[in-house]
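# Survey of secondary and tertiary structure
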4 protein chains.
Amino acid sequence: MSKLRVPIIIVNYKTYTQATGKEAIKLSRIAEEVSKKSGVNIGVAPQFTDIAAIAAAVSIPVFSQHIDPIAPGSFTGHILLEAVKEAGAVGTLINHSERTLKLCDIETLIAKTRESGLFSVVCTNNAAVSAAVSTLKPDIISLEPPELIGTGVPVCKAKPQVVTETVKRVKSINPNAVLLCGAGITKGEDVTTALTLGTMGVLVASGIVKAKDPKKVLMEFAEAITNST
Amino acid sequence: MSKLRVPIIIVNYKTYTQATGKEAIKLSRIAEEVSKKSGVNIGVAPQFTDIAAIAAAVSIPVFSQHIDPIAPGSFTGHILLEAVKEAGAVGTLINHSERTLKLCDIETLIAKTRESGLFSVVCTNNAAVSAAVSTLKPDIISLEPPELIGTGVPVCKAKPQVVTETVKRVKSINPNAVLLCGAGITKGEDVTTALTLGTMGVLVASGIVKAKDPKKVLMEFAEAITNST
Amino acid sequence: MSKLRVPIIIVNYKTYTQATGKEAIKLSRIAEEVSKKSGVNIGVAPQFTDIAAIAAAVSIPVFSQHIDPIAPGSFTGHILLEAVKEAGAVGTLINHSERTLKLCDIETLIAKTRESGLFSVVCTNNAAVSAAVSTLKPDIISLEPPELIGTGVPVCKAKPQVVTETVKRVKSINPNAVLLCGAGITKGEDVTTALTLGTMGVLVASGIVKAKDPKKVLMEFAEAITNST
Amino acid sequence: MSKLRVPIIIVNYKTYTQATGKEAIKLSRIAEEVSKKSGVNIGVAPQFTDIAAIAAAVSIPVFSQHIDPIAPGSFTGHILLEAVKEAGAVGTLINHSERTLKLCDIETLIAKTRESGLFSVVCTNNAAVSAAVSTLKPDIISLEPPELIGTGVPVCKAKPQVVTETVKRVKSINPNAVLLCGAGITKGEDVTTALTLGTMGVLVASGIVKAKDPKKVLMEFAEAITNST
C-alpha cells in the first residue's frame, strides 16, 4: 500500500443535504477539478450510500465516514469495511467527534484498515487523546476540538497552542505521524495557519459544503497549501 | 403513499460477503426474477453502500437495513433517511435484533418514515414488544426471536405459540397490522407454516443468502406463498 | 405485592450535589417529615451509592434511578436489580430521558421488576411512547417532555394537551394505568394542574432539590394534592 | 495524594450474588483480615450500592467498578465521581471489558480522578490498547484479555507473551507505569507468574468471589506476593 499523498484537504460531507446524492456527486466533481488544477491532494468523505457512485465518478480519494468493528456476517445495519472498500473507498474516518468510539474498537479498526490496505484517518478531540492514538499508528490523526466544529472559528486561531501541543506530543511518540486539523476552517488563511503550526492539511466540512461557492473556497484552500509548501 | 403489497418475502443481506457489492446485485437480480415468475412480492435489504446500485438494477422493493433518528446536518457516520431514500430505498428495517433501538427512537423513526413516504418494517423479539410496537402503527412488524436467528430452526416450528400469541396481541391493538416472522426460515414449508399462523410473509437472511442455490430456495418460498393464498 | 399508594410525589435526586451523600439523607428526612405531616405519599430516587443509607434512615419509599437488564454474574459496572433491592429500594425509574433505553430492555425490566416485587416507574417523552409503554403494564408511567426538564416551565401549563392526550391514549389501552407527569414542576399550582389533567402526581427534580427551601416547596406540593383529592 | 501501595490484589465483585449486599461486606472483612495478616495490600471493587457500607466496615481500599464522564447535575441513572468518593471509594476501575468506554471518556475520567484524588485503574484488552492508555498516565493499568475472563485459564499461563509485550510497550512510554493482570487467575502460582512477568499484582473476580473458601485462596494469593517480593 502506497502512502497517502500529503498535504491533503479532506472534505467531510457529514449528512448535509447539500452533499447528499446528486449534490454529493456534483461537489465531488468540483473537488476533483480543484485538485487537478492546483495539484493538491483533495479527498472526500461522503455518506455510505454515495460512496460507490462518487468513486465511479471521480478519481480523487474517497473516504468512508465510519466503519464498524465487525467482520462479514450477521450484523444487520452495520458498516462493513469490506463493503466500503468494494464500493471504492480508499480509507475511512475513525472516531469523528460525531461518531466517537470505544478505545478497543479504535485499536481494532486501525489494525483492520492497515491489513486491508485502507487509509485510517482517526479524529481526536485534544492533545492527550491524540498522543494515545498515535501509539496505534494510524495513517493520519485529525485534531478537531468538538466545541469549535461548525462555528467558523478556526481551531488554528482559537486554540493554536492546542494544535502545537498536539503536534509536539504526537511527534514525540511517532516522529512520522501525519496530523491534520479541523473545526471552524473557512478561509485560505486558516489553512495556511494550520500548516504553519505543523499539520499537513485540514479536515473540513461546513466550510466547504455550506459555502456559497464551494469551488472558490476550495481553490483558496488549495492555493494556501501550494503557497505554503 | 400506496401500501406495501403483501404477502411479501424480505431478504436481509446483513453484512454477508455473499451479498456484498457485485454479489449483492447478482442476488437482487435473482430475487427480481423469482418475483416476476411467481408473482410474489419480494424485497431485498442490502447494505447501505449497495442500495443505489441495486435500486438502479432491479425493480423490486429495496429496503435499508437501518436508519438513524437524525435530521440532515452534522451527523458524521450516521444513516440519513433522506440519503437512503434518494439512493432508491422504498423502506427500511427498524430495530433489527442486531441493531436494536431505544423506544423513543423507534417512535421517531416510524413517524419520520411515514411522513416521508418510506415503508417501516419494525423487528421485534417477542409478543410483548410486538404489542408495544403495534401502538405506533408501522407498516410491518416482523417477529424474530433472536435466539433462533441463523440456527435453521424455524420460529414457526420452534415457537408456534409465540407467533400465534404475537398475531393475537398485535391484532387486538391494531386489526390492520401486518406481521412477518423470521429466524431459522430455510424451507418452503417454513413459509407455509408462517402464513398458517397468521403472518403475511417472512423476513429471511442466511436461509437465502447462504443457500447453495438461492434461486431454488427463493422459488420454493414464493411457491409456498402462492399455494397458501 | 401491594400496590404503590397514589397520589404520589417522587423526588428524583439525579446527580445533584445538593442531593448527594449526607445532603441526600437530609433531603430524604425532609421528604419523610412532609409525608408524615401531610399524609401524602412521597418517594425519593437517590443515586445508587446513597440508596442503602437512605432506606435505613427513612420509612418513605426509595426508588433506584435505573437498573440494567442483567442477571447476577459478570457485569462489572452495571446496576443489578437484586442489589438495589437488597439496599432497600422498593422500585426503580426506568427509561428516564437522561437514561433512555432500548425497547427490548424496557420490556425486560418491567417484567423483571414485576417478578421481584419492585415497583416500575417508566418515564416517557410523549403520548405515543406512553401508549406503547402502557401495553407493558408498568406500575407507573411518568410523562416528561425532555425539552421542558429543568426549565421551570411546567409541562402541565406549557403542554396541557400533551398530558391530556397521553392520559387518554394510555387509558384506552389500560384503564387502570397510573400516570405522573414531570418537567418544570416548581409550584403547588403546577401539581394541582397535573392532577386536574388526569395524573396521579408528579416526578420532580430541580423544583425540589434546588429550591431554596425544599421543605416549604414540598409541603406546598403535598397540600396541592391534599386539596385536590 | 499518596501513591497506591503495590503490589496489590484487587478483588472485583462484579454483580455476583456471592458478593452483593451482606455477602459483599462479609467478603470485604475477609479481604481485610487477609491483608492485615499478610501485610499485602488488598483492595475490593463492590457494586455501587455497597460502597458506602463496605467503606464504613473495613479499612482496606475500596474501588468503584465504574464512573461516568459527567459532572454533578442532570444525569439521572449515572455514576458520579463525587458520589462514589463521598461514599468512601479511594479509586475506580475504568474501561473494564464488561464496561468498555470511548477513548475520549477514558481520557476525561483519568484526568478527573487525578484532579479529585481518586486512584484510576484502567483495564485493557491487549498490548496495543495498554500502550495507548499508558500515555494518559493512569495510576494502574490492568491487562485482561476478555476471552480468558472467568475461564480459570490464567492469562499469565495462556498468554505470557501478551503480558510481557504489554509490560515492555507500556514501560517504553512510561517507565513508572504500574501493571496488573487479570483473567483466569485462581491459584497462588498464577499470582507468582504474574509478578515474574513484570506486573505488580492481579485484578481477580470469580477466582476469589466464587471460590469455595475465598479466605484460603486469597491468603494463597497474598503469600505468593510475599514470597515473590
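Owing to the predicted nature of the structure, the values given are computational and were not obtained by experimental measurement. (Residues numbered from 1 in each chain as written. Chains lettered and ligands numbered in written order. Predicted model: local features only at pLDDT ≥ 70, side-chain atom pairs only at ≥ 80, totals over all residues.)

## As for the overall build of chain A
From N to C terminus, chain A includes ten helices and eight strands. Computed over its C-alpha atoms, the radius of gyration of chain A comes to 16 Å, within 12% of the 17 Å expected for a compact globule of 229 residues. If one aligns the C-alpha atoms of chain A with their principal axes, the spans along those axes are about 45 × 40 × 30 Å. Looking at chain A alone, contacts between residues at least 24 apart form 67% of all its contacts between residues at least 6 apart. (Helix = DSSP H or I, 4+ residues; strand = E, 2+ residues; numbered from the N terminus. Rg over C-alpha atoms; globule rule 2.2 N^0.38 Å. Contact = placed C-beta atoms within 7 Å.)

## Some words on the sheet that holds strand β6 (residues 140–143) of chain C
Residues and elements named next belong to chain C. Strand order across the open sheet formed by eight strands is β2-β1-β8-β7-β6-β5-β4-β3, with parallel pairing between neighbours. Of all the strands in the sheet, the pair left with one neighbour each is β2 (41–45) and β3 (63–64). Sheet topology note: the strand β5 (residues 119–124)/β6 ladder contains four bridges and is parallel. Each bridged residue has a counterpart across the sheet, and for Thr 124 the counterpart in β6 is Leu 143. Its contacts with the sheet place helix α1 (residues 22–38) against β1 (8–12) and β2, and it is angled at close to 170° to β2. (Pairing = 2+ DSSP bridges. Axes fitted to C-alpha atoms, helices over the stretch in contact; angles between N-to-C directions.)

## Brief notes about the interface of chain A and chain B
In this complex, chain A contributes 35 residues to the contact, which on the side of chain B involves 35 residues. At the level of secondary structure, the elements contributing two or more residues to the side of chain A that touches chain B comprise α2 (48–57) and α3 (81–87) of chain A. Within the side of chain A that touches chain B, the residues separate by chemical class into 14 nonpolar, 16 polar and five charged. (Nonpolar A, V, L, I, M, F, W, Y, C, P; charged D, E, K, R; others polar.)

## Regarding the interface of chain D and chain C
Contact residues are listed per partner, giving 35 residues for chain D and 35 residues for chain C. Broken down by secondary-structure element, the contributors of at least two residues to the side of chain D that touches chain C are α2 (51–57) and α3 (81–87) of chain D. Partitioned by chemical class, the residues of the side of chain D that touches chain C number 14 nonpolar, 16 polar and five charged.

## Notes on the arrangement of the chains
If you take every C-alpha in chain A and every C-alpha in chain C, the smallest gap between them is 16 Å, and the two do not touch. Taking C-alpha atoms only, the smallest gap left between chain B and chain D, which are not in contact, amounts to 16 Å.

## Overview of the relation of the copies chain D and chain C
The transform that puts chain D on chain C rotates by 180° and translates by 0.0 Å along the axis, for an RMSD of 0.0 Å. Accordingly, the operation relating the two chain copies is best matched by a two-fold axis. Nearest to the rotation axis, the C-alpha of Thr49(D) is located 2.3 Å from it, this being the minimum over chain D. A share of 100% of the interface residues of chain D reappears at the interface of chain C, consistent with the copies meeting face to face through the same patch. (Least-squares fit on C-alpha atoms with pLDDT ≥ 70 in both.)

## Description of the environment of Ala132(D)
Relative to the assigned elements, Ala132(D) resides in helix α5 (residues 127–134). By the C-beta count within 10 Å, which is 27 here, Ala132(D) ends up buried. Once residues within four sequence positions are removed from consideration, Ala132(D) is found in contact with Leu103(A), Glu107(A), Ala132(A), Val133(A), Thr135(A) and Leu136(A). (Buried ≥ 20, exposed ≤ 12 C-beta atoms within 10 Å, placed from the backbone.)

## Examining the confidence of the model for chain A
Note that predicted coordinates carrying low pLDDT should not be read in detail. With 99% of its residues at a pLDDT of at least 70, chain A reaches an overall mean of 94. Confidence estimates for the predicted assembly give a pTM of 0.96 and an ipTM of 0.95. (pLDDT = per-residue confidence, 0-100.)

## Description of the packing of helix α5 (residues 127–134) of chain A against helix α4 (residues 103–116) of chain D
α4(D) packs onto α5(A) with a crossing angle of 120° between their chain directions and a minimal axis gap of 10 Å. Here α4(D) runs oblique to α5(A), going by the angle between their axes. Between α5(A) and α4(D) lies a crossing of right-handed hand. Side by side, α5(A) and α4(D) meet where Ala128(A), Val129(A) and Ala132(A) of the first sit next to Leu103(D), Cys104(D) and Glu107(D) of the second. Here the contact of α5(A) with α4(D) is built from residues that sort into five nonpolar, no polar and one charged. (Parallel < 35°, antiparallel > 145°, perpendicular 65-115°, else oblique. Left-handed = near helix turned anticlockwise from the far one by under 90°.)

## Let's talk about the nonpolar core
Membership of the largest hydrophobic core comes to 355 residues, with the highest contact counts inside it found for Val11(A), Val11(B), Val11(C) and Val11(D). In this structure, Val11(D) is in contact with Ala31(D), Ile42(D), Val44(D), Ala45(D), Val204(D), Ile208(D) and Val209(D), ignoring residues within four places of it in sequence. (Core = buried A, V, L, I, M, F, W, Y, C linked by C-beta atoms within 7 Å.)

## With respect to the relation of the copies chain A and chain B
Least-squares fitting of chain A to chain B yields an RMSD of 0.0 Å, with the transformation described by 0.0 Å of translation along the axis and a rotation of 180°. Comparing contact sets, 100% of the residues at the interface of chain A also lie at the interface in chain B, consistent with an isologous, same-surface contact.

## Some thoughts on the sheet that holds strand β4 (residues 91–94) of chain B
All names here are of chain B. Reading across from one edge, β2-β1-β8-β7-β6-β5-β4-β3 is the order of the eight strands in this open sheet, with parallel pairing throughout. Each edge of the sheet is formed by a strand with only one pairing partner; in this case those strands are β2 (41–45) and β3 (63–64). As paired elements, β4 and strand β5 (residues 119–124) share four bridges and run parallel to each other. Paired with Ile 94 across the two strands is Val 122, which belongs to β5. Packed onto the sheet, helix α1 (residues 22–38) meets β1 (8–12) and β2 and runs at close to 170° relative to β2.

## Overview of helix α5 (residues 127–134) of chain B
Among the eight residues of α5(B), eight are classified as buried, and the element is accordingly described as predominantly covered. Among the residues making up α5(B), those that are buried are Ala127(B), Ala128(B), Val129(B), Ser130(B), Ala131(B), Ala132(B), Val133(B) and Ser134(B). Against α4 (103–116), β5, β6 (140–143) and α7 (160–173) of chain B together with α4 (103–115) and α5 (127–134) of chain C lie the buried residues of α5(B).

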